[in-house]
Protein chains: 2
Amino acid sequence: MRKVAIINYGMTKVDKHWKKSLRELFGDAAKAALKDARVPGLDALIVGNMCASDLSDQNNIGALLADYLGITPILAYRVEAACGSGAAAILAAYSAVASGMNDIVMTGGVEKLSDGVGGNTTLALGKAADADYELFFGSSFVSLNALIMNHYMHTYNTPRESFADFAVLMHKNGARNPYAQLPFEISRETVMNSDRIADPITLFDCAPVGDGAAALILCPLEDAPKYSDSFVEIGGIAGATDTINVASRADLLSLNSTIVAADRAYKMAKVTPADVDVAEVHDTFTITGALSIEDLGFCEKGKFAKLLAERAFEPGGVVVVNPSGGLKSRGHPVGATGAYQVAEVAMQLLGKAERMQVSDAEVGLTQNIGGSGSSSFVSILRRVK
Amino acid sequence: MRKVAIINYGMTKVDKHWKKSLRELFGDAAKAALKDARVPGLDALIVGNMCASDLSDQNNIGALLADYLGITPILAYRVEAACGSGAAAILAAYSAVASGMNDIVMTGGVEKLSDGVGGNTTLALGKAADADYELFFGSSFVSLNALIMNHYMHTYNTPRESFADFAVLMHKNGARNPYAQLPFEISRETVMNSDRIADPITLFDCAPVGDGAAALILCPLEDAPKYSDSFVEIGGIAGATDTINVASRADLLSLNSTIVAADRAYKMAKVTPADVDVAEVHDTFTITGALSIEDLGFCEKGKFAKLLAERAFEPGGVVVVNPSGGLKSRGHPVGATGAYQVAEVAMQLLGKAERMQVSDAEVGLTQNIGGSGSSSFVSILRRVK
């Protein structure tokens, strides 16, 4: 199996891009990714997206984007794993390069949630849940996660304020991110006093709805120096699943798909959680951030609030979590989120993160979830000396 | 790169399965595929689907099916390339096995078009076209293909009846297929006198709308004898794209994505069109069948009708085309169609096609299209001596 490198990346600011279509959004990210890469051409385009069919009346996204970028007759297809689509596309692109089927592959994700022409965003996002056994009965993502958050607070005797403090940290980080949708700081009171969406979740516990695209260029590690002066290695990448229906889980407070995907990725990269310097994790809601941090092995189960208070997830702590601001502040353009995470961690390892920079980061991790934990994808990136 | 084998397959009859949900349909195909395979377990599930979000309110198909099959925490994701989704999923699964990332992978496709809960089927299928420049202006697939058919008849002075005769042949073949949605013979008059859908296309020029699922199990070729007494090799597999908007094509009467994908697959498998004994090609409409046969290299451009009359696409001719009955008679459960084709050709090479059997088939081809030719996927299967 060939080793795989990321030689460049491009992102659009996450925002309500009223004047940009799906193809234009990805086009901007793709052009940024191609800007400094001296590649002779691309061999494949593998892109993640969740909601284009519902909100842009558009399927066949691979051909759409290949056409817009002027790179037909390239091989192109779309990958979908709900909000994990971006990372799933990167995993498929990794296989394509590792196998030798393709040499230079553009991957990433794109999502246009605002200005939906074909439906409503809450329903479109709800289709990541079990249509027959959850959505049909009116369960939305936020209601399912509110049940989990209540159960967590009760089980581990965790104060509501700790979750607010996580949102505060995310906004503090995101305020330094030029690509963030909500680049401003907030206080604990902002979270506690914002509108209740599904008790105990308030508006500021939730990731915002936004549009965005992130693109990455992958090639064999041994060829990377030909195409770029700076690159990172994908040391490990893996995915795993759990029951799609939250009620069927063995344990509501563990994301088993994250535990398994992380275990596979750590083994593949031959690292442990202790080796990770920087991590971009999936915090759709503040409770999701807490579960993710625990299940990735950065923190004992139930101890999230304690470690958060000890600043374990900030520079100088156990691991720097979401220097981008995470889904909470950078934003959550669902099928693109996993691609943003990988681009952001690559940027950190290359020392190009400017005001977000984590000093001397050598090993980074990303974790991207589909549904309420029914799919998880974890990647481990490594700085190449 | 590891060589890849198909060790087993399973299909449901294509039909209006009013009483089967999306997951149950794929479950039936998956169980049939697993029945005689002595595999210790599965490492990944990569499945094609186009319309579940629109018609079943369901995304996150990988997790949904892994959960239903009881194979979590397996890696699982969905691949989409409109009507080419099934073949695109098989290509992604091929990469996963060829790379060494996964050993035993279930792939295939599933589609539930009848009993749509969330929308209408014509609109859902139309999302394979360009939403902004075709669908928005009222172009449906059938209207776009009617323009192409008129242009073909005019350019090559081809009688309307020749297209009807292709439908007659497809139904003759499909009448022997226990999995076919329309397993009955028709006459030229049936086609000529059936309802006009978009002139010159009549009802019997069109593939029917139906539900279905097909599943395949892939593993490294060298391991195949451990798991199965009979298997075929995937000698070549490739995809290519063209403009998504039909009006932007350099030539309306050539499927350039098919030409390029076939060229790549032939080279990978080290064969030529003359080596192919049996082919399952994508005949959404009779005109699509004609263009596909020409662009795969089985017939000179514009000579389709002449060769059809000479029985070139039947046993004893140039190549046996669509012994299954093709999309026209077997049916076209869109995101599953490419998986049916691969399962059908594998069945032929293994000599298990019963009343559809093409005698002594050693090399087979499948061609699966997304949109009106904006994506094409071609695979070459080979009997293992």
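Residues numbered from 1 in each chain as written. Chains lettered and ligands numbered in written order. Predicted model: local features only at pLDDT ≥ 70, side-chain atom pairs only at ≥ 80, totals over all residues. Heavy atoms only, no water.

### Topic: the pairing of strand 11 (residues 363-370) of chain A
All names here are of chain A.
- With eight of eight residues buried, strand 11 is to be regarded as a mostly interior element.
- Burial of the side chains of strand 11 extends over both faces: V363, L365, Q367 and I369 are buried on one face and G364, T366, N368 and G370 on the other.
- Relative to strand 12 (residues 375-383), strand 11 runs antiparallel, the two sharing eight bridges. Pairing of G364 across the sheet is with L381, part of strand 12.
- Between strand 11 and the antiparallel strand that follows it, strand 12, lie four residues; G371 among them carries a positive phi value of about 65°. (Buried < 20%, exposed > 50% of the residue type's maximum accessible area, 1.4 Å probe, protein only. Helix = DSSP H or I, 4+ residues; strand = E, 2+ residues; numbered from the N terminus. Pairing = 2+ DSSP bridges.)

### Some thoughts on the packing of aromatic side chains
- Across all of its chains, the model carries twelve aromatic pairs over all chains by this definition.
- Seen in terms of ring centroids, F304(A) and F313(A) are 5.9 Å apart; in terms of plane orientation they differ by 15°. Their pairing is stacked.
- By relative accessible area, which is 0% here, F304(A) ends up buried.
- A residue is classified by how much of its surface remains accessible, and F313(A), at 1% relative accessible area, is buried.
- With a centroid separation of 5.8 Å and an interplanar angle of 80°, the aromatic rings of Y152(B) and F163(B) are classed as edge-to-face. Placement of the pair is Y152(B) in helix 6 (residues 141-156) and F163(B) in helix 7 (residues 160-174), with a sequence separation of eleven residues.
- Overall, the relative accessible area of 0% leaves Y152(B) in the buried class.
- Exposure remark for F163(B): the relative accessible area of 0% places this residue in the buried category.
- The rings of Y152(A), Y156(A), F163(A), F166(A), F304(A) and F313(A) are connected pair by pair, giving a single aromatic cluster. (Phe/Tyr/Trp six-rings, centres within 6.5 Å; stacked < 30°, edge-to-face > 60°.)

### Quick notes on helix 14 (residues 334-349) of chain B
Residues and elements named next belong to chain B.
- The end-to-end C-alpha distance of helix 14, which contains 16 residues, comes to 24 Å, matching closely the 22 Å that a straight helix rising 1.5 Å per residue would cover.
- Buried residues dominate helix 14, accounting for 16 of its 16 residues.
- Just downstream of helix 14, G351 is the residue with a positive phi angle, here 70°. (Expected span 1.5 Å × (residues − 1).)

### Section: the interface of chain A and chain B
- Contacts between the two partners involve 61 residues from chain A, matched on the other side by 61 residues from chain B.
- Summed over both sides, the interface between chain A and chain B buries roughly 4,500 Å², with carbon and sulfur atoms accounting for 52% of that surface.
- Where chain A meets chain B, there are 36 residue pairs in polar contact (both at pLDDT 80 or more).
- Contributions of two or more residues to the side of chain A that touches chain B are made by helix 2 (52-55), helix 3 (61-69), strand 3 (75-80), helix 4 (85-99), strand 8 (232-241), helix 10 (256-269) and strand 12 of chain A.
- Looking at the side of chain A that touches chain B, the element that brings in the most residues is helix 4 of chain A, giving eight residues.
- Of the residues assigned to the side of chain A that touches chain B, the class counts are 31 nonpolar, 19 polar and eleven charged.
- Summarising the sheet, strand 3 of chain A and strand 3 (residues 75-80) of chain B pair through three bridges and their orientation is antiparallel. Residue pairing across strands places R78(A) opposite E80(B), the latter belonging to strand 3 of chain B. (Contact = heavy atoms within 4.5 Å. Buried area = accessible area lost by both parts, 1.4 Å probe. Polar contact = N/O pair within 3.5 Å; in protein donor to acceptor, adjacent residues only side chain to side chain. Nonpolar A, V, L, I, M, F, W, Y, C, P; charged D, E, K, R; others polar.)

### What to know about the packing of helix 1 (residues 22-35) of chain B against helix 3 (residues 61-69) of chain B
All names here are of chain B.
- Running from N to C, helix 1 and helix 3 point in directions that differ by 60°, and their axes come no closer than 10 Å. Relative to helix 3, the element helix 1 is oriented oblique. Pair helix 1 / helix 3 crosses with right-handed handedness. Across the interface between the two elements, L22, R23, E24, F26, G27, A30 and K31 from helix 1 touch I61, L64, L65, Y68 and L69 from helix 3.
- Residue composition of the contact of helix 1 with helix 3, grouped by class: eight nonpolar, one polar and three charged. (Axes fitted to C-alpha atoms, helices over the stretch in contact; angles between N-to-C directions. Parallel < 35°, antiparallel > 145°, perpendicular 65-115°, else oblique. Left-handed = near helix turned anticlockwise from the far one by under 90°.)

### Details of the nonpolar core
- Among the nonpolar cores identified, the biggest contains 94 residues, and Y77(A) and Y77(B) are the most heavily contacted of them.
- Excluding residues that lie within four positions of it along the chain, Y77(A) makes contacts with L45(A), I46(A), V47(A), G62(A), A92(A), V79(B), E80(B), A81(B), A88(B), L91(B) and A92(B). (Core = buried A, V, L, I, M, F, W, Y, C linked by side-chain atoms within 4.5 Å.)

### Things to note about the domain arrangement of chain A
Residue and element names in this part refer to chain A.
- Each assigned domain of chain A is listed here: domain 1 (4-118 + 209-232) and domain 2 (121-207 + 235-383).
- One C-alpha centre belongs to domain 1, the other to domain 2, and the line joining them spans 22 Å.
- The partner domain 2 presents 41 residues to the 40 residues of domain 1 that form the contact.
- For the domain 1 face of the interface with domain 2, the top three residues by lost area are M11, V14 and C83, together amounting to 21%.
- Here domain 1 and domain 2 share one salt bridge between them. (Domains from an automatic or database assignment. Salt bridge = Lys/Arg side-chain N within 4 Å of Asp/Glu carboxyl O.)

### Notes on the side chain of S375(A)
- Mapped onto the fold, S375(A) is located in strand 12.
- When its relative accessible area of 1% is taken as the criterion, S375(A) is described as buried.
- Among the polar contacts made by the side chain of S375(A), one reaches the side chain of N60(B) at a distance of 3.2 Å.
- Ignoring sequence-local partners within four residues, the contact set of S375(A) consists of A240(A), T241(A), S257(A), N368(A), I369(A), G370(A), N60(B) and A63(B).

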